[in-house]
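Tertiary structure, described
Single-letter residue listing:
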Amino acid sequence: MTSHSPALRTLDMYIDGQWVKPASGQYFETVDPFTAQPWAIVARGGAADADRAVRAAHRAFKGPWGKMHPSERGKIIHRLGTLIEEHADLLAEIEVRDNGRLLAEMQHQIRYIPKWYYYYAGLADKIEGVVHPCDKPALSYSRPEPLGVCVAIVPWNAPLLLLSLKAAPALAAGNTLVLKPAEHTSATALKLMELVEAAGFPPGVINVVTGFGKEVGEPLVTHPLTRHVGFTGSTATGAHLYSLAAKDVKRVSLELGGKSPNIVFDDADLDNAVRGVVGGIFGATGQTCIAGSRLLVQRRVHDEFVEKLAAFTRTARVGDPRDVRTQVGPIANKMQFEKVLGYVDIARQDGAELLIGGKRPDGDECARGFFVEPTIFTGVNNGMRIAREEVFGPILSTLVFDDADEAVAIANDSEFGLAAGVWTRDMKLALRLSDQLEAGSVWVNTYRDISYTTPFGGYKKSGIGRENGAEGIREYLQTKAVWLSTADEIANPFVIG
Ligand code: ADP
């Protein structure tokens, strides 16, 4: 076993209602992105742990959870929501230590997460079937049934939120779960298991395995008892998992990358648009799949808008995510930090003009952690890598357009299609663009709005399937048709017609 400082906390996995050590006996360090120092060691799970977790989830599916009346399941899911609400501040602190997001932002986000559990808890006993007007002498009805063991693999930018978007509907539909948080941010998923226990979930209904994608994630996806893979993360990993799931014809929901356009027309309320554009790209330090990383500005207001934008961005206080005055925190991990700075170089080499940012901020507060200043490039064209590839950091690329047709053409010229923003006072124009934009979410005069009530997901390489709302639970159900013959006599099968 690798040796780690005894001062670090040890985080074990949660399988079948027990805290368990990894079969390998190995642990890895998880790092606080503000101090760049490890603060805990996390179990390095592998195939044996994945197998143990999926089998436990399968037993729970065939056993207590599967047999429980949906109203009872709903009650337990609702209780989990209440417990999250009660422990929101503690969960937020843990999340910040692991991923460096602003404490205030995480408190706000985690206080909102229970809504997913309440919403889907309410749906648990409303999953109804249909009696069909059958043209045969039979009563035929169909009803949705759960799939079985669902695997949820999530990234590091919003671990508890993204996990809940999957867990709440999957459980409400009657499935059981194995969760795999990202290797950088395992702590909140594990803390959640204490609440899962207190809420009264039978052992095995929710399990958490931790570790690296290839080592423990893939065995979860390829396990013969896994029936659904819910993934949020990069398009490359998502496509890989899709191909693995295809071998056994498993269901998948994929919520992948984006290069979302935020389109500002010359009639827009420019001050509102500035706030929306800044929130869209620098919120969460740009580490969201829906980041509005391509800013398209109509030529007539380009210079004025960019000036306002730069002035407002310069007011952002970058620093300690735990300080309530901080507005932009660090990047979540070293690898991502280096990748983001790498894109600054790429953009410059491709001829984009650096307007502001592009480096680590000056001063002691940002000297150790993984900080990058909010960065704006102008003079970007849509062929540049900075306009085509997902950076997942605080870098905004500014492009110019002349009319709506050109804006739509640029916006849609992307392999991604997760989201788009439109800023205009002309509602006819807004509706026309909403039709024409190839994106799973279109925000008009707002940006980055997500709700448990409203379907969310991607077009093109941004994903498959939808999370949230009533549509979200259908990802976790399959339809069974049942035929009950009403004929007095079964026809002779050798006589056709
Ligand atoms: P990013 O950190 O860019 O979002 P990924 O999309 O690779 O990167 O990671 C998202 C999640 O997918 C993490 O939990 C990660 O451990 C997991 N993951 C990465 N590679 C694999 C893989 N080959 N199989 C299963 N899970 C993986």
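Residues numbered from 1 in each chain as written. Predicted model: local features only at pLDDT ≥ 70, side-chain atom pairs only at ≥ 80, totals over all residues. Heavy atoms only, no water.

Some remarks on unusual backbone geometry
Quick reminder of the rule: A helix here means a DSSP run of H or I that spans at least four residues, while a strand means a run of E at least two residues long, and both kinds are numbered starting from the N terminus. For the exposure calls, accessible area comes from a 1.4 Å probe over protein chains only, and a residue counts as buried if that area is under 20% of its type's maximum, exposed if over 50%, partly exposed in between.
Although it is not a glycine, T285 adopts a positive phi angle of roughly 55 degrees. For T285, the location among the structural elements is in the loop between helix 11 (270-282) and strand 14 (294-298). The exposure class assigned to T285 is buried, which follows from its relative accessible area of 5%.

Quick word on the packing of helix 4 (residues 88-99) against helix 8 (residues 187-199)
To describe two helices that pack against each other, one gives the angle between their axes and the distance between the axes. Stated precisely, the cut-off is as follows: Every angle, taken between N-to-C directions, lies between 0 and 180 degrees, and every axis is a line fitted to C-alpha atoms, over only the stretch in contact when it is a helix. For classification, angles of less than 35 degrees are called roughly parallel, those exceeding 145 degrees roughly antiparallel, those between 65 and 115 degrees roughly perpendicular, and all remaining angles oblique. Note on convention: the crossing is left-handed when the near helix lies turned anticlockwise from the far helix by less than a right angle, right-handed when the turn is clockwise. Note on contacts: a residue pair qualifies if any of its non-hydrogen atoms lie within 4.5 Å across the two residues. Here the term charged refers only to Asp, Glu, Lys and Arg, the term nonpolar to Ala, Val, Leu, Ile, Met, Phe, Trp, Tyr, Cys and Pro, and the term polar to all other amino acids, Gly among them.
Running from N to C, helix 4 and helix 8 cross one another at 160 degrees; their axes reach a closest spacing of 9 Å. Comparing their axes, helix 8 and helix 4 come out roughly antiparallel. The chirality of how helix 4 crosses helix 8 is right-handed. Seen from helix 4, the contacting residues are L90, L91, I94, E95 and D98; seen from helix 8, they are A187, T188, K191 and L195. Class assignment of the residues belonging to the contact of helix 4 with helix 8 gives a composition of five nonpolar, one polar and three charged.

Focus: the environment of T375
Cut-off, in case you're wondering: By the criterion applied in these results, polar contacts are pairs of N or O atoms within 3.5 Å in which, for protein atoms, one can donate a hydrogen and the other can accept it, and in which residues neighboring in sequence qualify only through two side-chain atoms.
Tracing the backbone through its elements, the reader meets T375 in strand 16 (residues 375-378). The class of T375 is buried, set by a relative accessible area of 0%. For the pair T375 and I281, spaced 94 residues apart in sequence, the C-alpha separation works out to 9.6 Å. Non-local contacts of T375, meaning those with residues more than four positions away in its chain, are made with F282, L354, I356, G357, G358, P394, I395 and L396. In terms of polar contacts, T375 uses its side chain to reach the backbone carbonyl oxygen of E373, at 2.6 Å.

With respect to the nonpolar core
Heads up, the rule is: Remark: nonpolar core denotes a set of buried residues (Ala, Val, Leu, Ile, Met, Phe, Trp, Tyr, Cys) joined through side-chain atoms within 4.5 Å.
Of all hydrophobic cores here, the largest spans 62 residues; its most connected members are Y117, L192 and F201. For this core, the element with the highest residue contribution is helix 7 (residues 159-172), accounting for 10 residues. Beyond its immediate sequence surroundings of up to four residues, Y117 is in contact with I77, L80, G81, I84, L163, S164, A167, A168 and L192. If you look at the next biggest cluster of nonpolar residues, it comprises 33 residues, including I263, V340, V391 and L433.

Topic: the site of the ligand
Put simply, the test is: We call a residue near a molecule or strand whenever a single non-hydrogen atom of that residue lies within 4 Å of it. Throughout, the Shrake-Rupley method with a 1.4 Å probe supplies accessible areas, and for residues the shown protein chains are the sole cover considered.
Close to the ligand lie 19 residues, the nearest being V154, W156, E183, S234 and T237. The side chain of K180 places a nitrogen or oxygen atom 2.9 Å from an oxygen atom of the ligand. Between a nitrogen atom of the ligand and a side-chain N or O atom of E218, the distance comes to 2.9 Å. Protein chains bury 82% of the 540 Å² of accessible surface belonging to the ligand in isolation. For the shell around the ligand, the secondary structure elements donating two or more residues are helix 9 (213-222), strand 11 (226-232) and helix 10 (235-247). Element by element, the count of residues in the shell around the ligand is highest for helix 9, at four residues. Tallied by class, residues from the shell around the ligand come to eight nonpolar, seven polar and four charged.

Regarding the side chain of N382
Here N382 shows up in the loop between strand 16 and helix 14 (385-388). With a relative accessible area of 10%, N382 lands in the buried category. Engagement of the side chain of N382 in a polar contact is seen with the side chain of R294, the distance being 3.1 Å. There is a polar contact of 3.0 Å between the side chain of N382 and the backbone oxygen of D413. Those residues within four positions of N382 in sequence are excluded, and the remaining contacts are R294, A387, R388, L399, I410 and D413.

Some thoughts on the pairing of strand 9 (residues 176-180)
Basically, it comes down to this: DSSP calls a pair of strands paired once it identifies at least 2 bridges connecting them. Look down the strands so they point away from you; if going from the first strand over the helix to the second traces a clockwise path, that crossover is right-handed.
When you tally the buried positions in strand 9, you get five out of five residues, the bulk of the element. Relative to strand 9, strand 8 (residues 149-153) is paired through five bridges, and the arrangement is parallel. For I153, the partnering residue across the bridge sits in strand 9 and is K180. Handedness of the strand 8-helix 7-strand 9 crossover: right-handed. Crossover strand 9 to strand 10 (residues 206-208) through helix 8 is right-handed.

Describing the pattern of salt bridges
Applicable threshold: For this analysis, a salt bridge means a side-chain nitrogen from Lys or Arg found within 4 Å of a carboxyl oxygen belonging to Asp or Glu.
This structure, assessed with the given rule, holds 30 salt bridges. R322 is the partner of D32 in a salt bridge, and the nearest nitrogen-oxygen pair spans 2.8 Å. Of the two residues, D32 sits in strand 4 (residues 27-32) while R322 sits in the loop between helix 12 (302-314) and helix 13 (334-349), which places them 290 residues apart along the sequence. On the accessibility criterion, D32 (6% relative accessible area) is buried. Looking at R322, the relative accessible area reads 32%, which means it is partly exposed. E145 is the partner of R143 in a salt bridge, and the nearest nitrogen-oxygen pair spans 3.0 Å. For E145, a relative accessible area of 15% puts it in the buried group. Connected through salt bridges with shared partners, the residues R143, E145 and K480 form a single ionic network.

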